[in-house]
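Residue-level listing of the chains:
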Amino acid sequence: MSWQNKIERGLQQRRETAAYRSRQMNDGANGRWLHTDTRRYLNFSSNDYLGLSQDAEVIAAWQQGAQRYGVGSGGSGHVTGYSRPHAQFEQQLADWLGYPRALLFISGYAANQAVLAALTAADDRILADKLSHASLLEAATHSPAQLRRFTHNQADSLQKLLNKPCSGQTLVVTEGIFSMDGDSAPLVDLQQHIAPAGGWLLVDDAHGIGVRGAAGRGSCWLQGIKPELLVVTFGKAFGLSGAAVLCQEPVAEYLVQYARHLIYSTAMPPAQAYALQTALLRIQQGDDLRQQLQQRIAQFRRGAADLPLQLGASETAIQPLWVGDNQQTVALAEQLRAAGLWVTAIRPPTVPPGGARLRITLSAAHQSDDIDQLLEVLHGVCH
């Protein structure tokens, strides 16, 4: 098979299964509203849970940081790219979440890849929740360790894997809030099984940090546990981008020595780290934003309870409506878009076969009328 045939076959397969992806260019801020060159849409696909991507104080901080430090870091943090704003934000983040150290990464994907690759060896094993994010599962697959997956959110399934012998170390991987279903991991139950087996727990709390727990400290804080490795990202509730790994001092130093994504990637711009300090302050003082988000979630769930589509058991900003069929899911998303609502159709391979859904994400930036409009249109197109 030639390269051309290989590519054409792959594209045709996606088209035939209604799984073909395309990017849509927007023309303006990606907040409550999403603008294209022809229309304005109410945005129900953004992970900007607290609306901080449009926050005036955060924007001003980025501008101030750019004026002082420029718009780029100039290199890896191991060369010239590690600046005072990076160090300050790492310390603030570590103090806030109760860890000795925090290490900044350019993205959550890079953080997960770096940690699993750096920490594991051929005699180790990674036990991952089956619905863990693609960045975790791909990192585990490409790591030297053996990957085994346990049934979603089932501690008993994890225990069966823990009971099997392993000559090396065991790392258990899960999310705080799962990105496609919006449900929460039973972190206490998982840790109670992991600790006696001598394993470590890694929690990716990309969708929990900023919106869950006291002052937005996330899923682990809410459930009263402290995993050995905590990954938090800044592209959701923080309103910016990037990520950090929270850990003990020796682990941080080990990652500084061995984490290739940290060593060989250009560091995030200092202006971004500077703006993240303001975003953190807004999150710490953001009980009003979190309360408003919870009101919007409750309003949506009340109104969506009698839809003919299955509503996920999520109490978070991620509200999936299961459709099942790819074509039908795409058609519903197109009908919503025609009505001025930007809702994304999620299809395999992002979710399991038969798991196509409308993934609705809510924000504190939404108004009550926005939710009413969404519900009215959903009832119209689904009945």
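Cut-offs applied
- Residues numbered from 1 in each chain as written.
- Predicted model: local features only at pLDDT ≥ 70, side-chain atom pairs only at ≥ 80, totals over all residues.
- Heavy atoms only, no water.
- UniProt positions renumbered as here; feature names shortened; annotations may be inferred.
- Pairing = 2+ DSSP bridges.
- Helix = DSSP H or I, 4+ residues; strand = E, 2+ residues; numbered from the N terminus.
- Axes fitted to C-alpha atoms, helices over the stretch in contact; angles between N-to-C directions.
- Core = buried A, V, L, I, M, F, W, Y, C linked by side-chain atoms within 4.5 Å.
- Buried < 20%, exposed > 50% of the residue type's maximum accessible area, 1.4 Å probe, protein only.
- Domains from an automatic or database assignment.
- Contact = heavy atoms within 4.5 Å.
- Phe/Tyr/Trp six-rings, centres within 6.5 Å; stacked < 30°, edge-to-face > 60°.
- Lys NZ or Arg CZ within 6 Å of the ring centre and 35° of its normal.

- Under an unreviewed UniProt entry, the name given to the chain is 8-amino-7-oxononanoate synthase, and the source organism is Yersinia canariae.
- In UniProt, the chain has this text filed under Function (unreviewed entry): "Catalyzes the decarboxylative condensation of pimeloyl-[acyl-carrier protein] and L-alanine to produce 8-amino-7-oxononanoate (AON), [acyl-carrier protein], and carbon dioxide."
- Here is the UniProt Pathway (unreviewed entry) comment for the chain, exactly as written: "Cofactor biosynthesis; biotin biosynthesis."

## What about the sheet that holds strand 8 (residues 229-233)?
So, point 1. Strand order across the open sheet formed by 7 strands is 3-9-8-7-6-4-5, with mixed pairing between neighbours. Of all the strands in the sheet, just strand 3 (101-105) and strand 5 (146-150) have a single pairing partner and so form its edges. If you compare each strand with its neighbour and ignore which way they point, the axes differ by 20° on average.
So, point 2. Alignment of strand 7 (residues 200-204) against strand 8, held across 3 bridges, turns out to be parallel. Following the sheet pairing, Leu202 is matched in strand 8 by Leu229.

## Some words on the nonpolar core
So, point 1. Judged by nonpolar contacts, the single largest core of 78 residues is most densely connected at Leu93, Phe238, Leu246, Phe300 and Leu378.
So, point 2. Structurally, this core is a two-domain feature, drawing no fewer than three residues from each of domain 1 (25-50 + 286-382) and domain 2 (56-285).
So, point 3. Beyond its immediate sequence surroundings of up to four residues, Leu246 is in contact with Leu93, Ala94, Leu97, Tyr99, Arg101, Ala102, Glu228, Leu229, Leu230 and Val232.
So, point 4. Ranked by size, the runner-up nonpolar core spans 28 residues in total, among them Val115, Leu116, Leu137 and Ala243.

## A word on the sheet that holds strand 12 (residues 341-342)
Hydrogen bonds between backbone atoms are what pair the strands of a sheet, whose relative direction is either parallel or antiparallel.
So, point 1. A sheet is described by the order of its strands in space; here 3 strands give the open sequence 1-2-12, paired in mixed fashion. The open sheet has two free edges, formed respectively by strand 1 (33-35) and strand 12, since each of these has just one partner strand.
So, point 2. The pairing of strand 1 with strand 2 (residues 40-43) spans 3 bridges and is antiparallel. Bridge pairing in strand 2 links Trp33 to Leu42.

## As for the packing of aromatic side chains
So, point 1. Following the criterion strictly, the structure yields 7 aromatic pairs and no others.
So, point 2. Ring geometry for Tyr69 versus Tyr274: centroids 6.3 Å apart, planes at 50°, classification tilted. With a gap of 205 residues between them, Tyr69 in helix 2 (residues 56-69) and Tyr274 in helix 11 (residues 270-284) connect regions that are remote in the sequence.
So, point 3. Three or more aromatic residues link up through ring pairs in this structure, and these residues are Phe89, Trp96, Phe234 and Phe238.
So, point 4. When the ring centre of Trp33 is taken as origin, the NZ or CZ atom of Arg40, which lies over that ring, is 3.5 Å away.
So, point 5. Above the plane of the ring of Trp342 lies Arg337, whose end atom (NZ or CZ) is 3.7 Å from the centre.

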